[in-house]
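Structural features, examined
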Amino acid sequence: MAQQQEMSKSQMEMVENSAIVHGDGAPVMRAMADDLSVWQSVRKYKRVGIIAMAAAFCASLDGYQINLNGGIISNTGFIHKMATPGTSIIAGQYVSAWGGIQSAGQFIGQVLLQFVTEGLGRKPALGVIWLTLVLSILIETLTSRWDHWLVAKLFSGMGVGMLQSTMPLYLSEISPTQLRGFFINAYSFWFVLGQLFASVALYELKKVDPTNYKTPIYTQWPMVGLIGIIFVFLPESPWWLASKGKLDKTAKALHFLHSGVEDYDIQEQIEVMTATVMIERQTAELNKEVGMWAVFQGRNLLRFLISGWPKITQQFVGLTVFNTFAVYFFQYAGNKNPFLVTVILSCVQLISLILTATLTDAFGRRPLTVYPYAVTVLSVLCLGIIGCFDYTKTALSSLLIFFACLATFSTSGASAIGYAYAAEIPQQRLRARTAAWSLASSNLIGIMFSFCTPLMINGTSSTSTHKWGVKTGFFFAGTGAVVVIIAWFILPEVARRTPAEIDEMFEKKVNLRKFDKHVTEVQVHADELHHKTIA
């Protein structure tokens, strides 16, 4: 606490020396580079694009682990090791426990890592994540019992959760304003690609050696090794450095990210960062929104809710069915090639992610979140209707897969933008904590559905008569409709807005659905300083 107070005093002096006040003489909080178009930024910021894509690559291991968890439960050798003797499908209790403990691990990792992310920096947090992932793979490599696999899934979940709350945040802080959505979505792109790798590996291995489940686990080692090398060479977040008053290191980080970019004004970027953070702190002290629980005080509580709502929505529209338990679901539905179905779903996700990544900065976050989720609700409703008939027949089984693909397509893009909301909506001073708590809240709901969804689909045992099967779609259609309606009312548009502009609109209580049309004082003042006029 004393260190924070000392840092605040030091920054106060720096701000006063820079005349950081509203009105005439106020510094710019939107840089000239922020006025470039999306495609101008793509052509100009090639270096940071390569760095961001390399950083986002780490998500491929997340996706690989999650699909491995969902797909390996149908492997003959894995079933022989983990299932109750005399059964051909692992009991729902085991599957629920594995999924639930992984979600619990995500929650634990996100809640705990925020203190490292905020206190020591984004890069040290990445180091903690890497060590956690290494430990999870080590346990998976050595395990031979279902309860040992349970421990492996706990650490796997912690690593995944830590990465989910840290990497999109890191990407948003190193990215140009006009390309934040694209680079944050790069995280989800690599995540889905990792899922596809796992599906293909398991499918091909089944044809060669259907009892071998160890080889896919071993393949994680080269991936985590490469990720470790990437983490070593990544720079610290310039926004974090600026918020801690480490301006020399901020300049070095910006130079590393934007070396060779013509007319890139590092000093102006530093002024934007320091002014934004300082005014946030002044506002927080004025409103008495300080301390450990500041995330849940005043307007920050609304920002916390908005940050987490897109990811919460994905849980209520049936993410657990189509992502984590895809193979399990289609196996129960009687499909003769569940691994092929998973590969198809992964390809559908990739197509969705590519479209979302290329459109989100140009068309905005809000329309690409709310409307796709609405499509998902209709899709799971159709799945529930199919469940009223004999869906093991060829025609209905194909229809089942079609609506599953449609739900996957619409949910994947909207879910990816959820990371953008978690990273962009909070104040800079609370960004790590808000992102962590908002994503952790989603994972709490994920824990519930990880336990409940297999039981909804298959009951408590393979002979259970209390099961919904495909009619589970009715449940998620109902819950999904409610959360999507709420999303329509509360999700604002923040594409191509600087952190200072987002802060201003929340402080002025601008209608959440009208953020995209609001002209901020930050923008007006920046235009004046840059000798522009607003049409």
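What you see is a predicted model, and the numbers here were worked out from it, not measured in a lab. Residue numbering note: each chain is counted from 1, following its sequence as written. The predicted origin of the model limits local features to residues at a pLDDT of at least 70 and limits the giving and counting of side-chain atom pairs to 80 or more, whereas totals for whole chains, interfaces and linings rest on all residues. Derived side-chain values reflect all non-hydrogen atoms in the structure, with water molecules and hydrogen atoms excluded from consideration.

**Section: the overall build of the chain**
Check the secondary structure of the chain and you find 24 helices and 0 strands. Buried residues in the chain amount to 61% of all 535 residues. The contact rule is simple, with two residues in contact once any of their heavy atoms fall within 4.5 Å. Sequence separation of 24 or more characterises 80% of the internal contacts of the chain that already satisfy a separation of 6 or more. A total of about 21200 Å² of accessible surface is found on the chain, and carbon and sulfur atoms cover 66% of it. Only DSSP runs of H or I covering at least 4 residues are called helices, and only runs of E covering at least 2 are called strands; the numbering of each starts at the N terminus. Any residue under 20% of the maximum accessible area for its type is buried, any over 50% is exposed, and the rest in between are partly exposed; the area is computed with a 1.4 Å probe on protein chains only. Calculation of accessible area relied on Shrake-Rupley with a 1.4 Å probe; when residues are assessed, cover is drawn exclusively from the protein chains displayed.

**Comments concerning the confidence of the model for the chain**
The predicted coordinates of low-pLDDT regions are not to be read in fine detail. Confidence of the prediction at every residue is given by pLDDT, a number between 0 and 100. For the chain, the average pLDDT comes to 84, and 87% of its residues sit at 70 or higher. Considering only residues more than four positions removed or in separate chains, one finds that residues 1–8, a stretch of pLDDT under 50, has 4 contacts. The model gives residues 14–23 a pLDDT under 50, and that stretch makes 14 contacts with residues more than four places away or in other chains.

**Remarks on the packing of helix H15 (residues 299–316) against helix H22 (residues 472–490)**
For helices, the fitted line uses only the C-alpha atoms of the stretch in contact; every axis is such a line through C-alpha atoms, and the angle between N-to-C directions lies from 0 to 180 degrees. Relative orientation of the contacting elements H15 and H22 amounts to 160 degrees, with a least axis distance of 9 Å. Judged on the interaxial angle alone, H22 and H15 are roughly antiparallel. The way H15 lies across H22 gives a crossing that is left-handed. Contacts between H15 and H22 involve Leu305, Ile306, Trp309, Thr313, Gln315 and Phe316 from the first element and Phe476, Thr479, Gly480, Val483, Val484, Ile486, Ala487 and Ile490 from the second. In this classification, the charged set is Asp, Glu, Lys and Arg, the nonpolar set is Ala, Val, Leu, Ile, Met, Phe, Trp, Tyr, Cys and Pro, and all remaining amino acids, among them Gly, are polar. Taken together, the residues that form the contact of H15 with H22 break down as 10 nonpolar, 4 polar and no charged. Each angle gets one of four labels, with under 35 degrees taken as roughly parallel, over 145 as roughly antiparallel, 65 to 115 as roughly perpendicular, and the rest as oblique. Left-handed describes a crossing whose near helix is turned anticlockwise from the far helix through less than a right angle; right-handed describes the clockwise counterpart.

**Digging into the state of the cysteines**
Put simply, a disulfide is two cysteine sulfurs that come within 2.5 Å. Within the structure shown, the criterion is met by 0 disulfides. Free cysteine: cysteine 405, not disulfide-bonded; nearest cysteine sulfur from cysteine 347 at 9.6 Å. Given a relative accessible area of 14%, cysteine 405 falls into the buried group.

**Quick notes on helix H19 (residues 367–386)**
A helix is expected to reach a length of 1.5 Å times the quantity of its residues less one. With 20 residues, H19 ought to run about 28 Å at 1.5 Å a step, and its terminal C-alpha atoms sit 29 Å apart, in line with that. Restricting attention to buried positions, one finds in H19 the residues Thr369, Val370, Pro372, Tyr373, Thr376, Val377, Ser379, Val380, Leu383, Gly384 and Ile386.

**Thoughts on a nonpolar patch on the surface**
Note that patches include only residues with greater than 30% relative accessible area and no salt bridge, and the join distances are 9 Å for like charges and 5 Å for nonpolar side chains (Val, Leu, Ile, Met, Phe, Trp, Tyr). By definition here, a salt bridge exists when the distance from a side-chain nitrogen of Lys or Arg to a carboxyl oxygen of Asp or Glu is within 4 Å. A cluster of nonpolar side chains, Ile351, Leu355, Leu359, Phe363 and Phe409, forms an exposed patch at the surface whose accessible area comes to about 460 Å². It is helix H18 (residues 338–363) that contributes the most residues to the nonpolar patch, 4 residues altogether. Within the secondary structure, phenylalanine 363 sits in helix H18.

**Things to note about the side chain of threonine 250**
Along the chain, threonine 250 falls in helix H13 (residues 247–258). Look at threonine 250 and you get buried, because its relative accessible area is 0%. Setting aside anything within four residues of it in sequence, one finds threonine 250 in contact with Pro238, Leu241, Ala242, Ile270 and Met273.

**Quick word on the pattern of salt bridges**
For the coordinates displayed, the defined rule picks out 15 salt bridges. Residue arginine 431 is joined to glutamate 173 by a salt bridge in which the shortest nitrogen-to-oxygen separation is 4.0 Å. Within this pair, whereas arginine 431 is found in helix H21 (residues 431–458), its partner glutamate 173 is found in helix H8 (residues 146–174), the two being separated by 258 residues in sequence. Taking relative accessible area as the criterion, arginine 431 reaches 4% and is therefore assigned buried.

**A short note on the nonpolar core**
Core analysis: the largest hydrophobic core is formed by 113 residues, its most contacted members being Phe78, Ile90, Met167 and Leu171. Of all the elements, helix H9 (residues 180–208) adds the most residues to this core, at 11 residues. Sequence-distant contacts of leucine 171, defined by excluding residues within four places in its chain, comprise Ala52, Ala55, Ala56, Phe183, Ile184 and Tyr187. We call a set of buried residues a nonpolar core when its members are Ala, Val, Leu, Ile, Met, Phe, Trp, Tyr or Cys and they connect through side-chain atoms within 4.5 Å of each other. Counting 7 residues, the second largest nonpolar core, distinct from the first, contains Val111, Ala294, Leu430 and Ala440.

**Some thoughts on the environment of leucine 529**
Its location among the elements puts leucine 529 in helix H24 (residues 521–529). On the basis of relative accessible area, leucine 529 is assigned to the partly exposed category, the value being 42%. In sequence terms leucine 529 and alanine 31 are 498 residues apart; their C-alpha atoms lie 9.8 Å from each other.

**A look at empty space enclosed by the protein**
Detection works on a 1 Å grid of protein atoms alone, calling trapped sets that fit a 1.4 Å probe cavities and calling open sets with protein on both sides within 12 Å along at least five of seven lines pockets, with lining residues defined by an atom within 4 Å of a point. Grid points are joined across faces, edges and corners, and a volume is the space filled by probe spheres set on the points. Per the counting criterion, the structure on display carries 6 cavities of 30 Å³ or more. The calculated volume of the second largest cavity comes to roughly 310 Å³. Lining the second largest cavity are 27 residues, with Ser175, Pro176, Thr177, Trp239 and Gln269 sitting closest to its centre. The set of elements that each furnish at least two residues to the lining of the second largest cavity consists of H8, helix H12 (238–243), H13, helix H14 (266–287), helix H20 (394–424) and helix H23 (499–507).

**Quick look at the packing of H8 against H9**
At a closest axis distance of 8 Å, the pairing of H8 and H9 adopts a crossing angle of 150 degrees. The orientation of H8 with respect to H9, classified from their angle, is roughly antiparallel. In this structure, the crossing between H8 and H9 has a hand that is right-handed. Residue-level inspection shows Leu163, Gln164, Met167, Pro168, Leu171 and Ser172 of H8 in contact with H9, the latter providing Arg180, Phe183, Ile184 and Tyr187. Along the lines of polarity and charge, the residues of the contact of H8 with H9 split into 7 nonpolar, 2 polar and 1 charged.

**A few points about the packing of aromatic side chains**
Ring pairs (aromatic) are described by centroid distance and by the angle formed between their planes. Centres within 6.5 Å are what make two rings of Phe, Tyr or Trp a pair, Trp counting through its six-membered ring; a difference in plane orientation under 30 degrees is then read as stacked, over 60 as edge-to-face, and the rest as tilted. All told, the structure shown has 19 aromatic pairs when counted by the stated rule. An angle of 35 degrees between the planes, with centres 6.1 Å apart, marks the rings of tryptophan 293 and phenylalanine 296 as tilted. The class for phenylalanine 296 is partly exposed, based on a relative accessible area of 29%. Ring geometry for tryptophan 293 and tryptophan 437: centres 6.4 Å apart, planes at 40 degrees, overall tilted. Of this pair, tryptophan 293 sits in the loop between H14 and H15 while tryptophan 437 sits in helix H21, placing them 144 residues apart in sequence. Taken together through their ring pairs, the aromatic side chains of Phe316, Phe449, Trp468, Phe475 and Phe476 make up a single cluster. Only when the NZ of Lys or the CZ of Arg is both within 6 Å of the ring centre and within 35 degrees of the ring normal is a charge said to sit over the ring. The cationic tip of arginine 47 hangs over the ring face of phenylalanine 256; the distance from NZ or CZ to the ring centre is 4.9 Å.

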